[in-house]
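# Architecture and fold: a report
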4 protein chains.
Amino acid sequence: MASSPLQVMRQIVQHVSKSKGFDKVIDKVQVVSAVPGKGVFEMKVADEHLNMPGTLHGGLTATLVDVLTTFALLSVEGKPGVSTDLHVSYMKAAKPGETITITAEVLKRGRTLAYTRAEIKNEQGDMVAQGLHTKHVGN
Amino acid sequence: MASSPLQVMRQIVQHVSKSKGFDKVIDKVQVVSAVPGKGVFEMKVADEHLNMPGTLHGGLTATLVDVLTTFALLSVEGKPGVSTDLHVSYMKAAKPGETITITAEVLKRGRTLAYTRAEIKNEQGDMVAQGLHTKHVGN
Amino acid sequence: MASSPLQVMRQIVQHVSKSKGFDKVIDKVQVVSAVPGKGVFEMKVADEHLNMPGTLHGGLTATLVDVLTTFALLSVEGKPGVSTDLHVSYMKAAKPGETITITAEVLKRGRTLAYTRAEIKNEQGDMVAQGLHTKHVGN
Amino acid sequence: MASSPLQVMRQIVQHVSKSKGFDKVIDKVQVVSAVPGKGVFEMKVADEHLNMPGTLHGGLTATLVDVLTTFALLSVEGKPGVSTDLHVSYMKAAKPGETITITAEVLKRGRTLAYTRAEIKNEQGDMVAQGLHTKHVGN
């Protein structure tokens with residue numbers, strides 16, 4: 001029986017967030033919707049996600065961009081690729097208890113590279129962060 | 001009795017890595033040396049630091065750039081500032097058991113912004129990653 | 001008599017591209033449409049825009065991101081601000097004779113910083129480049 | 001008779017800056033010194049290099065990063081490669097009449113990608129800009 005893109009994305013998130021590696025830091029992420037090459041995710045900001053001033057940590061924001069765009073890529077490639085460049089612009093702090101929505105998508109699959117983007121918004125629809133992530137996927 | 005820059009940096013790392021927030025992911029980081037505005041750090045790559053393919057996770061690499069350049073900034077500013085942009089170029093995978101060296105420094109303190117850079121190398125001196133991190137610090 | 005956002009954007013482009021400074025390199029840019037904080041522009045790739053291999057030069061692509069997001073900002077701020085960070089991901093070459101479309105918009109105006117994005121596509125709708133541009137605008 | 005790295009770099013700059021393409025915007029650049037994979041360049045900021053507020057244009061700064069790191073790459077590869085990502089952090093304005101020094105170097109040559117960096121300083125040694133430039137070079 002075939003799985004829907006949403007089921008596939010949920011399996012990816014469940015599998016990865018149970019890892020003993022660093023991916024477990026995204027274990028609070030939920031899949032909202034998915035189509036091949038794109039996923040919409042949610043995460044409620046918790047104490048374990050905070051920086052010293054008490055807002056969403058920039059390192060976790062970068063990790064969300066890295067991991068969730070990789071999931072969008074996995075959903076069409078079947079392999080995660082290797083990061084070459086990651087850029088994040090931080091626009092607004094997110095506070096504990098807020099739920100952020102992360103939209104991650106593959107913008108372009110070239111001959112050996114894939115270009116992806118993630119957009120993070122808060123409940124009011126304000127932009128929290130914007131990320132671009134380039135990966136080497138191979139032929 | 002005055003503290004040396006090295007003692008100050010060790011206090012920052014100890015304080016922050018005991019946090020209940022996201023900074024605890026860098027609790028394996030050791031300070032090698034420090035001068036005001038610059039620190040050299042080491043971390044032995046462990047299982048908890050890995051991505052799915054089994055090498056240093058790109059999200060943790062970005063977190064090391066974020067946090068350790070902030071420590072370099074803290075050592076001269078006394079406040080961490082707020083990230084505006086973070087860029088990481090990933091050049092070589094780091095494997096479990098390898099010790100990486102991270103050199104983090106403030107390149108320029110402008111009127112309201114601070115520009116920092118981190119360079120990550122492996123034991124052979126090969127470049128693992130290079131990061132630029134811009135923060136709003138205020139007057 | 002009030003000017004429409006489209007008229008305002010056309011005046012900005014005409015004024016700037018007649019400058020004796022570096023902005024004259026974008027003198028082939030046409031305004032397609034504009035609303036406050038966002039503009040859609042077109043440029044036919046000509047010989048003067050090319051790199052050594054004969055496609056749209058990456059430096060000009062970066063300049064288009066820089067200048068056209070600044071125009072989007074000017075349309076709501078009345079001042080250009082000062083660049084702090086510019087990131088461009090290059091996805092596909094553009095050839096002489098092709099017309100590229102550049103959509104430039106302000107994503108977020110913070111207390112002292114503005115965050116903008118530009119998206120460049122070719123006539124087939126393929127992504128040519130994606131840019132993020134952060135500027136200090138002040139209070 | 002073999003050419004020195006300095007002679008090779010000067011030939012590259014002369015050849016490219018006489019192009020009818022976009023590279024001619026860097027025709028005021030002089031080579032100060034060169035070793036394989038690295039060049040030091042100088043440029044006196046002139047009127048044609050300015051933005052609207054009258055300082056070195058951010059698009060030209062990005063072009064200098066793009067082109068001069070490509071020259072550093074050319075000096076060891078014999079081919080320019082194709083840009084995948086370019087990041088520039090702008091730290092200080094440069095004024096007309098000032099001479100800026102650009103140090104461009106290859107940080108790492110991977111299997112298919114090359115990672116480069118450019119550092120731009122003014123006559124006082126202040127950092128003007130810092131750039132990272134990733135290129136696909138192939139095997």
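Details of the structure are given in the entry above.
Residues numbered from 1 in each chain as written. Chains lettered and ligands numbered in written order. Predicted model: local features only at pLDDT ≥ 70, side-chain atom pairs only at ≥ 80, totals over all residues. Heavy atoms only, no water.

### Here we look at the overall build of chain A
A tally of regular secondary structure across chain A gives two helices and six strands. The linear arrangement of helices and strands in chain A, starting from the amino end, is α-β-β-α-β-β-β-β. Expressed as lengths along the three principal axes of its C-alpha atoms, the size of chain A is roughly 45 × 35 × 30 Å. Within chain A, buried positions represent 59% of all 139 residues. The contacts of chain A with a sequence gap of at least 6 include a subset with a gap of at least 24, amounting to 62%. (Helix = DSSP H or I, 4+ residues; strand = E, 2+ residues; numbered from the N terminus. Buried < 20%, exposed > 50% of the residue type's maximum accessible area, 1.4 Å probe, protein only. Contact = heavy atoms within 4.5 Å.)

### Topic: the pairing of strand E4 (residues 99–109) of chain B
It is a general feature of regular strands that their side chains alternate between the two faces of the sheet. All names here are of chain B. Where strand E2 (residues 38–44) and E4 come together, seven bridges link them in antiparallel fashion. Across the sheet, the residue bridging to lysine 44 is threonine 99, located in E4. By the bridge criterion, eight bridges tie E4 to strand E5 (residues 113–121) in an arrangement that is antiparallel. Counted as the bridge partner of arginine 109 is alanine 114 from E5. The antiparallel pairing of E4 with E5 creates a hairpin that spans three residues between the two strands. (Pairing = 2+ DSSP bridges.)

### Digging into helix H2 (residues 58–77) of chain D
Owing to its 3.6 residues per turn, the α-helix brings residues three or four apart onto one side. Residue and element names in this part refer to chain D. Helix length check: H2 (20 residues) gives 28 Å between terminal C-alpha atoms against 28 Å at 1.5 Å per residue, within 8%. The buried fraction of H2 amounts to 17 of the 20 residues, a majority that puts the element mostly inside the structure. Downstream of H2 by one or two residues, glycine 78 has phi in the positive range, about 75°. (Expected span 1.5 Å × (residues − 1).)

### Quick word on the relation of the copies chain C and chain A
Superposing chain C onto chain A takes a rotation of 180° plus a shift of 0.0 Å along the axis, which leaves an RMSD of 0.0 Å. Taken together, the turn and the small shift mark the pair as related by a two-fold rotation axis. Using C-alpha coordinates, one finds that chain C approaches the rotation axis most closely at C:His87, a distance of 3.7 Å. Both copies present the same face, since 100% of the interface residues in chain C are matched by interface residues at the equivalent positions in chain A. (Least-squares fit on C-alpha atoms with pLDDT ≥ 70 in both.)

### Concerning the interface of chain C and chain A
The interface is formed by 14 residues belonging to chain C together with 14 residues belonging to chain A. Around 1,400 Å² of area is buried between chain C and chain A when both sides are counted, 64% of it from carbon and sulfur atoms. Contact with chain A buries surface across chain C, with C:Met91, C:Lys108 and C:Leu132 losing the most and accounting together for 35% of the total. Linking chain C to chain A there are two salt bridges. One salt bridge in this structure joins A:Arg117 and C:Glu119, with 3.0 Å as the shortest N-O distance. Of all the secondary structure elements, the ones that give two or more residues to the side of chain C that touches chain A are strand E3 (82–90), strand E4 (99–109), strand E5 (113–121) and strand E6 (127–136) of chain C. Residue contributions to the side of chain C that touches chain A peak at four residues, all from E6(C). (Buried area = accessible area lost by both parts, 1.4 Å probe. Salt bridge = Lys/Arg side-chain N within 4 Å of Asp/Glu carboxyl O.)

### Points about the sheet that holds E5(C)
Read across the open sheet, the 12 strands follow the order E1(C)-E2(C)-E4(C)-E5(C)-E6(C)-E3(C)-E3(D)-E6(D)-E5(D)-E4(D)-E2(D)-E1(D); overall the sheet is antiparallel. Edge positions in the sheet fall to strand E1 (30–35) of chain C together with strand E1 (30–35) of chain D, since each has one partner strand and no second. Within this sheet the neighbouring strands show an average axis-to-axis angle of 15°, counted without direction. Pairing of E3(C) with E6(C), which is carried by eight bridges, proceeds in the antiparallel orientation. Across the sheet, the residue bridging to C:Leu86 is C:His133, located in E6(C). The sheet strands contacting helix H1 (residues 5–17) of chain D are E1 and strand E2 (38–44) of chain D, and the helix crosses E1(D) at an angle near 140°. (Axes fitted to C-alpha atoms, helices over the stretch in contact; angles between N-to-C directions.)

### A short note on the interface of chain A and chain B
Across the contact, 33 residues belong to chain A and 33 residues belong to chain B. Across the chain A/chain B interface, buried area totals approximately 2,400 Å², and carbon plus sulfur atoms make up 61% of it. Across the contact surface, chain A and chain B share zero salt bridges. Along the contact surface separating chain A from chain B lie 20 residue pairs in polar contact (both at pLDDT 80 or more). Among the elements of the structure, helix H2 (58–77) and strand E3 (82–90) of chain A are those that each provide at least two residues to the side of chain A that touches chain B. It is H2(A) that contributes the most residues to the side of chain A that touches chain B, nine residues altogether. Of the strand pairs in this sheet, E3(A) and strand E3 (residues 82–90) of chain B are connected by five bridges, and their pairing is antiparallel. Bridged to A:Val88 within E3(B) is B:Leu86. (Polar contact = N/O pair within 3.5 Å; in protein donor to acceptor, adjacent residues only side chain to side chain.)

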